[in-house]
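Breakdown of the fold
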Protein chains: 2
Amino acid sequence: MAEYVNVAVDAMGGDNAPGAIIKGSIEAINEDKRVKVFLVGREPVIREELTKYTYNADQLEVVHAEEVIDTAEPPVNAIRKKKESSIVKAMYMVKGGTCDAFVSAGSTGAVLVGGQLIVGRIKGVERPPLAPLIPTEKGVALLVDCGANVDARASHLVQFAKMGSIYMENVIGIPNPRVGILNIGAEEEKGNALVKETFPLLKECTDINFIGSVEARDVPSGAADVIVCEAFAGNVLLKTFEGVASTLLKTVKKGMMTSLRSKIGALLVKPALKQTLKAFDVEEHGGAPMLGLNGLVVKSHGSSSSKEIKNSILQCVAFKEQKINEKIKEKINLEG
Amino acid sequence: MAEYVNVAVDAMGGDNAPGAIIKGSIEAINEDKRVKVFLVGREPVIREELTKYTYNADQLEVVHAEEVIDTAEPPVNAIRKKKESSIVKAMYMVKGGTCDAFVSAGSTGAVLVGGQLIVGRIKGVERPPLAPLIPTEKGVALLVDCGANVDARASHLVQFAKMGSIYMENVIGIPNPRVGILNIGAEEEKGNALVKETFPLLKECTDINFIGSVEARDVPSGAADVIVCEAFAGNVLLKTFEGVASTLLKTVKKGMMTSLRSKIGALLVKPALKQTLKAFDVEEHGGAPMLGLNGLVVKSHGSSSSKEIKNSILQCVAFKEQKINEKIKEKINLEG
C-alpha cells in the first residue's frame, strides 16, 4: 500500500470543537483511503467522541495535548509559552516530518505565527501568505494574501503571484491561471503606492499569466483565477464577501417568509435554489492554505462545520501529490 | 417662496446619459418643489430629451457645455484642459455660488479632481473623502473614504470620522452615530500601521461616538453607522459589496428558473422578495457625497438609473437645509 498523506488536525480549535472537528476527520478518512489523520488535543475528550463513529483504525491516531490556545490570546506569546497546546504540538509534527500537513479551525493568529516560527518558511520565500479559495460564478479564485502579512512590500506580492499560480494550476487544475492585482480601477496608473510599484514587476514576470488590475467588483464574477493583494485589503475583500453573502441570503429567506403566498413559493423554489447556491458555499472549498512553508498549514474558519473540516483535510492530498512545495522551491530558487 | 436648493447636474456623464440623467432630474423636481436643477451639457441634445416631459419650467435651466470628459481620460489633465466640459462648467457654478451642489455619474477621477481643484476644500480640511451610503440590515452606514485619497494618513482618518458623524447625524438622522474603524480583527492590537496609529487618536476624540474596530464581515449587518478607512480598503469593501450582491442575486434568480416547480415558486415569492430586497438596492440611496468641500459634490454610479440620479439630487436638499458644511467648518476649526 502507498504511503498515507498524514494530516495533523487541531481537535480543540474552532467554535464547534471538538465535535465537528472529529466528525469531519472521520468523514475525510472514510471518503479517502489515502488519508491518515492525527487528532491532536485532549485525549480523553477525543476518545469519547470517537466512540460515536466506525472507521478504519489504521487511518487515525490520537496525540494527546494538554493545553488549548484561546482565540483571544496574543498569538506570539501563546506559541512561545504553550508548548503543550494542540497547535504547537501539531506544528512540530509537521516540522519533524511525522505529518505532511496541519489543519486548524483555531486562533488564526496562532496558526499564522506557528506556521512561520515552527514549521518555517521555504528558503527564499520572504512572507508566507494565507490564500483562501473564494467562490465565483465561474468556479473559484485564490485570494493571496488575505491576512498573514499586513503592510507587505512589492517583492512579497510578486512571490504571492507565483505561489498562487502554482496552487491554482496544480491543486485546482486551472491551466495557465489568470493572475490579477487587486486595484481600485482598471487602468495601469490607478492604485496606491504599493500597487503602482508592484504592477510593473508583475508585468515583467514571464512565468505567470498576468492580466493586470482587477477591481473587487469583478472578483465574484470570476475576472481572475489568482488575485494578488496586500493582506489588509485581501482580508477586507474576503470578509465583505462572507458578510454580504450571509446577510443577503438571510434577507432572501426573510423575504420569502413574509406572506402565505411567498411561503408556498419558498417551498417550491427551495430544492433548485439550494443546488445553485451550493457553488457560493465557502464550506465547500475547505480552509485557506498558508503558502511557502516547509509543509502545509491549512486555516479553516473558526465556525467550521464538519464538512469544511473534511474538505480542508482532503485538500491536503492534492497539495502533497502535486508536489506543490517542490514546485514552489524550484520557482523561488530560479529567481534568486 | 423660499430660495431653491440649486443643483447642477452633469447631463453628459454616465453609461445611461443623457436619457436617464434627464429623466431622474425631472423626477426630482416633480417630487420636491424646493429643488431647481441646472442641466449642464450639450444644449440641443438636452432640449430634445426634455420635450418628452412635463415639469415646472421655473425649476429647470439648461446650461450649454460643448465638451464631455470621458471616463478613460487622465483626470487632472481633463479638468485642466477641458474648460468647456459639463463637469468643469458645473464645478465653477458651485464655486461661484450659482449652485449649491453638483451631481455627476461621469468620470470618478474627474469629479474628485474637480472637487478639489475647482470647488475647493473647506479651510482646515486636509483631504475631502468620498463617502457613499451602503445598505445594512439595520438601515444604512456611511463608508468614509471609499476612493478619494489612497495612502491617507491618520490625521485624515480622524477628520473623516468627524465629518462622517455630522453627515449621519444630520442628513440621515441617526443621533450619536457609532463610528468604527475598518480593521482585520476586533482587538485593539490588530491592524496595519495606519490603523494602529489612528485607533488611539479616535479614542481620544470626545466629539464622536467611537466604538473601536469593525471587521468587514460585520458591516452588512450594521455593526457601525460610520466606517472610517483608507480609500483603497474602502473601495475594496464597497466594490466587493456591490459585486457579491449582484452576483448572488443573479444566482438566486437563475436557481429559481431551473425547473417548472421552481418557476412557479418564483412567481409566488417575487412580490415579497422584491419588497425585502429593496433595502439592499444601492440606487435607493443615491450617490456618494464628497465631504469637506466648499459646496456639495455628489458622485453617482457610472451605471446610474434615473432613480439613482433622482435620489442623488434629493440628497442635496437635506445637505443644504441641515447646514452640513457650516457644521463641518465649526468642528474642524475647533480642532485647529
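As the structure is a computational prediction, the values presented were derived from the model and not from experiment. (Residues numbered from 1 in each chain as written. Chains lettered and ligands numbered in written order. Predicted model: local features only at pLDDT ≥ 70, side-chain atom pairs only at ≥ 80, totals over all residues. Heavy atoms only, no water.)

Here we come to the overall build of chain A. Scanning chain A from N- to C-terminus turns up 11 helices and 11 strands. A compact globule built from 336 residues would reach a C-alpha radius of gyration of about 20 Å, and chain A, at 20 Å, matches this within 12%. Judged by the C-alpha coordinates and their principal axes, chain A covers about 65 × 60 × 40 Å. Here chain A holds 336 residues, and 59% of them are scored as buried. Nonlocal contacts in chain A, meaning residues at least 24 apart in sequence, comprise 72% of its contacts between residues at least 6 apart. Put simply, chain A shows about 13,300 Å² of open surface, and 51% of that area lies on carbon and sulfur atoms. (Helix = DSSP H or I, 4+ residues; strand = E, 2+ residues; numbered from the N terminus. Rg over C-alpha atoms; globule rule 2.2 N^0.38 Å. Buried < 20%, exposed > 50% of the residue type's maximum accessible area, 1.4 Å probe, protein only. Contact = heavy atoms within 4.5 Å. Areas by Shrake-Rupley, 256 points an atom, 1.4 Å probe, with all protein chains shown as cover.)

Moving on to helix α4 (residues 86–96) of chain B. Every buried residue of α4 of chain B is accounted for by Ser86, Ile87, Val88, Ala90, Met91, Met93 and Val94 of chain B. One or two steps after α4 of chain B, the chain reaches Gly97 of chain B, where phi turns positive at roughly 95°.

Two copies of one chain are present, and they are related through a rotation about an axis combined with an axial shift. For the pair chain A and chain B, the best superposition has an RMSD of 0.1 Å and corresponds to a rotation of 180° with a translation of 0.0 Å parallel to the axis. In short, the pair behaves as if placed about a two-fold rotation axis. The C-alpha atom lying nearest the rotation axis in chain A is that of Gly265 of chain A; the distance is 1.9 Å. Interface residue correspondence from chain A to chain B reaches 100%, placing this contact among same-surface, isologous pairings. (Least-squares fit on C-alpha atoms with pLDDT ≥ 70 in both.)

When the charged atoms of two side chains with opposite charge come close together, those side chains can pair. Residue and element names in this part refer to chain A. Summed over the entire model, instances satisfying the criterion amount to 34 salt bridges over all chains. With its nearest N and O atoms 3.3 Å apart, the salt bridge here joins Lys23 to Glu27. Placement of the pair is Lys23 and Glu27 together in helix α1 (residues 19–31), with a separation of four residues, close to one helical turn. Here Glu27 falls in the partly exposed class, since its relative accessible area comes to 27%. A salt bridge links Glu49 to Lys52; the shortest N-O distance between them is 3.2 Å. Each of Glu3, Asp100 and Lys320 takes part in a single network of salt bridges with overlapping partners. (Salt bridge = Lys/Arg side-chain N within 4 Å of Asp/Glu carboxyl O.)

What describes a pair of aromatic rings is the distance from one ring centre to the other and the angle between the planes of the rings. All names here are of chain B. All chains considered together, the criterion is met by four aromatic pairs over all chains. Arranged with centres 6.1 Å apart and planes meeting at 50°, the rings of Tyr167 and Phe319 form a pair that is tilted. On the criterion of sequence distance, the pair formed by Tyr167 in helix α6 (residues 154–172) and Phe319 in helix α10 (residues 306–321) is long-range, its members being 152 residues apart. Assessed through its relative accessible area of 0%, Tyr167 is described here as buried. Taken together, a centroid distance of 5.2 Å and an interplanar angle of 75° make the contact between Phe199 and Phe210 edge-to-face. Taken together, the residues Phe199 in helix α7 (residues 193–204) and Phe210 in strand β8 (residues 209–215) connect sequence positions 11 residues apart. On the basis of relative accessible area, Phe210 is assigned to the buried category, the value being 16%. (Phe/Tyr/Trp six-rings, centres within 6.5 Å; stacked < 30°, edge-to-face > 60°.)

Let us look at the pairing of strand β3 (residues 60–64) of chain B. All names here are of chain B. Pairing between strand β2 (residues 35–41) and β3: five bridges, direction parallel. The residue bridging Phe38 from the neighbouring strand is Glu61, located in β3. For the crossover from β2 across helix α2 (residues 43–50) to β3, the handedness is right-handed. (Pairing = 2+ DSSP bridges. Right-handed = clockwise from strand over helix to strand, strands pointing away.)

Moving on: the sheet that holds strand β1 (residues 5–10) of chain B. All names here are of chain B. Strand order in this open sheet of six strands is β3-β2-β1-β4-β11-β10, and the pairing throughout is mixed. Looking along the sheet, the strands with just one partner apiece sit at the ends: β3 and β10 (288–290). On average, each strand axis in the sheet is tilted by 25° relative to the strand beside it, whichever way the strands run. (Axes fitted to C-alpha atoms, helices over the stretch in contact; angles between N-to-C directions.)

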